[in-house]
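Letter by letter, the chains look like this.
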Amino acid sequence: HPEINFKYKDIKQITVNGNNLEMVVVGDLTIAGQTREMEIPLEAQASASRFVAKGEKSFKMSEFEVDPPSVMFGTIKAGDKVTVNYSIIYN
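Only a predicted model underlies this, so the values are computations on that prediction, with no experimental measurement involved.

1. Observations regarding the pattern of salt bridges
In step 1: Inspection of the entire model under this criterion finds four salt bridges.
In step 2: Across the pair Lys 9 and Asp 28 runs a salt bridge whose closest N-O atoms are separated by 3.5 Å. With Lys 9 in strand E1 (residues 4-17) and Asp 28 in strand E2 (residues 20-31), the pair connects residues that are 19 residues apart, well separated along the chain.
In step 3: Of the charged contacts, one joins Arg 36 and Glu 65 as a salt bridge, the two residues approaching to 3.6 Å between their closest N and O atoms. You can see Arg 36 sitting in strand E3 (residues 34-46) and its partner Glu 65 sitting in the loop between strand E4 (51-60) and strand E5 (70-71), a full 29 residues away along the chain.
In step 4: Taken together, the shared-partner salt bridges in this structure form one network comprising Lys 9, Asp 28 and Glu 37.

2. A closer look at the environment of Glu 39
In step 1: Tracing the backbone shows Glu 39 in strand E3.
In step 2: Given the relative accessible area of 37%, Glu 39 is considered partly exposed.
In step 3: Expressed as a C-alpha distance, the spacing of Glu 39 and Asp 28, which sit eleven residues apart in the sequence, is 8.8 Å.
In step 4: Not counting chain neighbours up to four residues away, the residues in contact with Glu 39 comprise Lys 12, Val 24, Val 25, Val 26 and Lys 57.
In step 5: Here Lys 12 takes part through its side chain, which lies 2.6 Å from a polar atom of the side chain of Glu 39.

3. Some remarks on the pairing of E1
In step 1: With twelve bridges connecting them, E1 and E2 associate as antiparallel partners. Following the sheet pairing, Ile 14 is matched in E2 by Met 23.
In step 2: Here E1 hands over to E2 after two residues, with Gly 18 in that stretch at a positive phi of 70°.

Rules behind the numbers
Residues numbered from 1 in each chain as written. Predicted model: local features only at pLDDT ≥ 70, side-chain atom pairs only at ≥ 80, totals over all residues. Heavy atoms only, no water. Salt bridge = Lys/Arg side-chain N within 4 Å of Asp/Glu carboxyl O. Helix = DSSP H or I, 4+ residues; strand = E, 2+ residues; numbered from the N terminus. Buried < 20%, exposed > 50% of the residue type's maximum accessible area, 1.4 Å probe, protein only. Contact = heavy atoms within 4.5 Å. Polar contact = N/O pair within 3.5 Å; in protein donor to acceptor, adjacent residues only side chain to side chain. Pairing = 2+ DSSP bridges.

The structure is reproduced here in structure tokens:
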């Protein structure tokens, strides 16, 4: 499962301040074949020619039935928490 997909469903919250937007969108996040509904925060700026949104979301790999990676026969392990940073540009 080499891809992480997010399928937008709805906007839960939006705050407008001039050309700046703060939003919480709801959608289905799919990782390793497991899909969970998630709320994703976005900070965005809009102009006449483009829309730029960015943010980050933290979650546990175990929520998607993924074991944290380890190396050297388990002597070094990663934590369960993952933070995904994203940036979206629409022209």
